[in-house]
Amino acid sequence: LGSASMRASGGSVLKSGDPEEFGAAMLSGSIRENTGVHEWEVEWSGQLHWCAVGVARGGIRTTGSLRRPDMRDNAWFWHSKGFLCNGDMFEEWSDVPGYGERDRLTVVYDSDNGDLRFLRGFKREEIPGVIRGISGEVYPMVYTDGEHITCSMIVSPHRP
């Protein structure tokens, strides 16, 4: 393993260390099944290369890529390069936009139905595609490589 680290500070997570190494961090408390719709907003800053927002199970390794075979059915996310990961496979890239520094992203998780969707910007533009079939306890999650990258939670998880 490299020397990357993800460090929480208030409502932000800072990734530092090895720019080649990936890191993941849980952003707040868990979301349990059948507790309704939850949403939160994040904003990235720094020189982004690969990053993602979504949900993950509590037992994931926080170093290394979330695209590894052992991560299947443990992390669901929207990737900055313009694709969705449904916990096992990567969905079609063609109609899912990417995002970058200072884009405000809203994550919406319906724990009753196991659906995860995403909105972008202050106008809350809906991103095509819904990740379905998530069950069990999950945590809001961010994931990135690079170094000196910050993900700030603008609005903490809440029920709209």
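For the structure itself, consult the block above.
Here's what I pulled together on the structure shown here. (Residues numbered from 1 in each chain as written. Predicted model: local features only at pLDDT ≥ 70, side-chain atom pairs only at ≥ 80, totals over all residues. Heavy atoms only, no water.)

Remarks on the side chain of Arg120
- Summarising the element assignment, Arg120 is placed in strand β9 (residues 115–120).
- For Arg120, the side chain forms a polar contact with the main-chain oxygen of Gly98, separated by 2.6 Å.
- Setting aside anything within four residues of it in sequence, one finds Arg120 in contact with Trp78, Pro97, Gly98, Tyr99, Asp103, Arg104, Leu105, Glu125 and Ile127. (Helix = DSSP H or I, 4+ residues; strand = E, 2+ residues; numbered from the N terminus. Polar contact = N/O pair within 3.5 Å; in protein donor to acceptor, adjacent residues only side chain to side chain. Contact = heavy atoms within 4.5 Å.)

Re the pairing of strand β8 (residues 104–110)
- Judged by how many residues are buried, β8 sits mostly within the fold: seven of seven residues are covered.
- Examined bridge by bridge, β8 and β9 share six bridges and lie antiparallel to one another. Bridge pairing links Val107 to Phe118 in β9.
- The antiparallel hairpin formed by β8 and β9 contains four residues in its connecting segment, where Gly114 sits at a positive phi of about 70°. (Buried < 20%, exposed > 50% of the residue type's maximum accessible area, 1.4 Å probe, protein only. Pairing = 2+ DSSP bridges.)

Points about the packing of aromatic side chains
- A complete count under the given rule lists three aromatic pairs for this structure.
- Summarising the aromatic geometry, the rings of Phe77 and Tyr143 are spaced 5.7 Å apart at their centres and angled 45° between planes, so their arrangement reads as tilted. One end of the pair, Phe77, is in strand β6 (residues 75–79); the other, Tyr143, is in strand β11 (residues 139–144), and 66 residues separate them in sequence. Exposure class is identical for Phe77 and Tyr143. Each is buried.
- Centroid distance Trp78 to Tyr99: 4.7 Å. Interplanar angle 70°. Geometry classified as edge-to-face. One end of the pair, Trp78, is in strand β6; the other, Tyr99, is in the loop between β7 (83–85) and β8, and 21 residues separate them in sequence.
- Owing to a relative accessible area of 9%, Tyr99 belongs among the buried residues under this scheme.
- Taken together, the aromatic side chains of Trp78, Tyr99 and Phe118 make up a single cluster linked through ring pairs.
- For the cation-ring pair, Lys81 lies above Trp50, with the distance from its terminal atom to the ring centre recorded as 5.4 Å. (Phe/Tyr/Trp six-rings, centres within 6.5 Å; stacked < 30°, edge-to-face > 60°. Lys NZ or Arg CZ within 6 Å of the ring centre and 35° of its normal.)

Looking at the side chain of Asp115
- Structurally, the position occupied by Asp115 is in strand β9.
- At 3.0 Å, the side chain of Asp115 forms a polar contact with the side chain of Arg132.

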